[in-house]
Amino acid sequence: MAVAARFVPVARRLAAPRPQIWRAGMRRTFATRGPLMIKKYTEDHEWIEMDEGDKIGTIGITQYASKALGDVVYVELPEVGMEVNKGDTIGAVESVKSASDIMSPVSGKITEANDVLGDKPGTINKGPEAEGWFAKIEVSDKGELEGLMSKDEYDAFEKD
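Here the structure is a predicted model, which is why all the values come from computation and not from measurement. (Residues numbered from 1 in each chain as written. Predicted model: local features only at pLDDT ≥ 70, side-chain atom pairs only at ≥ 80, totals over all residues. Heavy atoms only, no water.)

Caption draft 1: View of the nonpolar core. Residues Ile48, Val93, Val106, Ile124, Phe134 and Ile137 are the most contacted members of the largest nonpolar core, which totals 22 residues. Mapped onto this core, the elements with two or more residues apiece are strand 2 (46-50), strand 3 (56-61), helix 2 (63-69), strand 4 (72-76), strand 6 (89-95) and strand 9 (135-139). In this view, Val106 contacts Ile48, Val84, Asn85, Lys86, Ile137, Val139, Glu144, Leu145 and Leu148; residues no more than four positions away in its chain are not counted. Listed in part, the five residues of the second largest apolar core include Tyr41, Trp47, Trp133 and Met149. (Core = buried A, V, L, I, M, F, W, Y, C linked by side-chain atoms within 4.5 Å. Buried < 20%, exposed > 50% of the residue type's maximum accessible area, 1.4 Å probe, protein only. Helix = DSSP H or I, 4+ residues; strand = E, 2+ residues; numbered from the N terminus. Contact = heavy atoms within 4.5 Å.)

Caption draft 2: View of unusual backbone geometry. The backbone of His45 sits at a positive phi, close to 70°, despite the residue not being glycine. Looking at the element boundaries, His45 is found in the loop between strand 1 (38-41) and strand 2. Even without glycine at this site, Asp54 takes up a positive phi of about 60°. Position of Asp54 relative to the elements: it lies in the loop between strand 2 and strand 3. Owing to a relative accessible area of 28%, Asp54 belongs among the partly exposed residues under this scheme.

Caption draft 3: Up close: the sheet that holds strand 7 (residues 99-103). One open sheet accounts for three strands, arranged 4-6-7; its pairing is antiparallel. The outermost strands of the open sheet, each flanked by one partner alone, are strand 4 and strand 7. With strand direction ignored, the average angle separating the axes of adjacent strands in the sheet is 20°. (Pairing = 2+ DSSP bridges. Axes fitted to C-alpha atoms, helices over the stretch in contact; angles between N-to-C directions.)

Caption draft 4: Examining the pattern of salt bridges more closely. Counted according to the given criterion, the structure contains two salt bridges. For Lys151, the salt bridge is made with Asp155, and the minimal N-O distance between the two is 3.3 Å. Of this pair, Lys151 and Asp155 both sit in helix 5 (residues 151-159), four residues apart, roughly one helical turn. Overall, the relative accessible area of 25% leaves Asp155 in the partly exposed class. (Salt bridge = Lys/Arg side-chain N within 4 Å of Asp/Glu carboxyl O.)

Caption draft 5: View of the side chain of Glu144. With respect to the secondary-structure elements, Glu144 resides in the loop between strand 9 and helix 5. No salt bridge is formed by the buried Glu144. Its closest oppositely charged neighbour is Lys86, at 6.0 Å. The contact partners of Glu144, leaving out residues within four places of it in the chain, are Lys86, Val106 and Ser107. (Lys, Arg positive; Asp, Glu negative; His and termini not counted.)

Caption draft 6: Representation of the sheet that holds strand 2 in the model. As summarised here, the arrangement of the six strands in space is 1-2-3-9-8-5, forming an open sheet in which the pairing is antiparallel. Each having just a single partner strand, strand 1 and strand 5 (83-84) make up the two edges of the open sheet. When strand 5 meets strand 8 (residues 108-113), the two strands line up antiparallel, connected through two bridges. Paired with Glu83 across the strands is Lys109, a residue of strand 8.

Caption draft 7: Geometry of the packing of aromatic side chains. Under the counting rule described, the total for this entry stands at two aromatic pairs. With centroids separated by 4.8 Å and ring planes inclined at 15°, the aromatic side chains of Tyr41 and Tyr154 adopt a geometry described as stacked. Here the residue Tyr41 occupies a position in strand 1, and Tyr154 occupies one in helix 5, the gap between them amounting to 113 residues. Geometrically, the ring pair formed by Tyr154 and Phe157 is tilted, given 6.3 Å between the ring centres and 40° between the ring planes. In this pair, Tyr154 and Phe157 are both assigned in helix 5, three residues apart and thus about one turn of the helix distant. Grouping aromatic residues by their ring pairs yields a cluster made of Tyr41, Tyr154 and Phe157. Its guanidinium or amino end placed over the ring of Trp133, Lys136 lies 5.0 Å from that ring's centre, counting from NZ or CZ. (Phe/Tyr/Trp six-rings, centres within 6.5 Å; stacked < 30°, edge-to-face > 60°. Lys NZ or Arg CZ within 6 Å of the ring centre and 35° of its normal.)

What follows is the structure, given as structure tokens:
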């Protein structure tokens, strides 16, 4: 009897609800963007997406621009620490069809360049609005974002 009483706490622990254990084949979703992130577009087919803190923007080219360029073979990235004004050239993209300058949609300071593009410029073709981003910028004048297009406005502009 004394032995059975010793194992009662273990039995109670085994009967207690357990957290769900991750198993192979189960789907788990992860959010990649916060709902408050703002993405704007330029008439030159660049985009900027502001982070949740509304200080750093990620710059890239649109899907439309990527398709128009064709296979990208070389990317000239901006220097980290470079101060730029809205409309300044911050780099270039060369493809088998043509070359195109990348302009900054806002004024600020370049904080990071996507070094992956130096080794694998084709990343722009695979995901121009995702892993093919171009640079990150600390925005100095957030008011400049107001002059850029929303996704719906850009889609209408692209069709014209």
